[in-house]
Amino acid sequence: LFPGIEAEDAPELGDHLIKASGKMKFLDRLLNRCKKENSQTLIFSGFTTMLNILEDYCRFREYEYCRLDGNTDLDDRQRQIDEYTSPGSSKFIFLISTRAGGLGLNLMTANTVVLYDSDWNP
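Residues numbered from 1 in each chain as written. Predicted model: local features only at pLDDT ≥ 70, side-chain atom pairs only at ≥ 80, totals over all residues. Heavy atoms only, no water.

S.K.: Give me the lowdown on the side chain of Ser39, citing residues and values where you can.
M.R.: In this fold, Ser39 is placed in the loop between α2 (22-36) and β1 (41-45). Look at Ser39 and you get buried, because its relative accessible area is 7%. Within polar-contact distance, the side chain of Ser39 engages the side chain of Asn111 at 3.5 Å. Beyond its immediate chain neighbours, meaning those up to four positions away, Ser39 contacts Cys34, Phe92, Asn111 and Thr112. (Helix = DSSP H or I, 4+ residues; strand = E, 2+ residues; numbered from the N terminus. Buried < 20%, exposed > 50% of the residue type's maximum accessible area, 1.4 Å probe, protein only. Polar contact = N/O pair within 3.5 Å; in protein donor to acceptor, adjacent residues only side chain to side chain. Contact = heavy atoms within 4.5 Å.)

Shown next, in the form of structure tokens:
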């Protein structure tokens with residue numbers, strides 16, 4: 001999220017994605033457990049820049065995922081929902097921006113929900 005924080009020679013994908021944040025360390029442990037239990041997980045973030053980092057994390061851990069944010073067109077949105085909710089789906093994680101995700105979403109196959117960060121103050 002902050003330019004210049006990572007070492008210049010850091011690879012695009014690597015442990016530094018996890019080690020840079022206590023929240024990411026916790027998420028990594030949680031998702032490892034969910035994966036072992038064959039759980040499907042929704043991860044909400046209020047920031048698309050954070051979704052980019054979470055997407056890099058999913059690629060690093062080789063987790064199959066879908067992503068929905070304000071730039072997702074309606075056809076792609078429905079295709080991803082169908083892929084995620086289909087019986088025997090290999091999709092483990094659905095990354096969702098809080099602003100784009102709430103309208104008309106039926107992801108009843110998920111049994112774990114993570115509010116990674118929100119764009120509102122409770």
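S.K.: For the sheet that holds strand β4 (residues 112-115), give the residues involved together with the corresponding values.
M.R.: Spatial strand order, β2-β3-β1-β4: four strands in an open sheet with parallel pairing. The outermost strands of the open sheet, each flanked by one partner alone, are β2 (65-68) and β4. Going from strand to strand, the sheet's axes swing by 15° on average, the running direction of each strand aside. Inspection of the sheet shows β1 paired to strand β3 (residues 93-97) by five bridges, in the parallel sense. The residue bridging Ile43 from the neighbouring strand is Leu95, located in β3. Strands in contact with helix α3 (residues 48-61) are β1, β2 and β3; relative to β2, the strand with the most contacts, it is inclined by about 170°. (Pairing = 2+ DSSP bridges. Axes fitted to C-alpha atoms, helices over the stretch in contact; angles between N-to-C directions.)

S.K.: Break down the pairing of β1 for me, with residues and values.
M.R.: Burial runs high along β1: five of the five residues are buried. Judged by which residues are buried, β1 turns out to be covered on both faces: Thr41, Ile43 and Ser45 on one side and Leu42 and Phe44 on the other are all buried. With four bridges connecting them, β1 and β4 associate as parallel partners. Bridged to Phe44 within β4 is Leu115.

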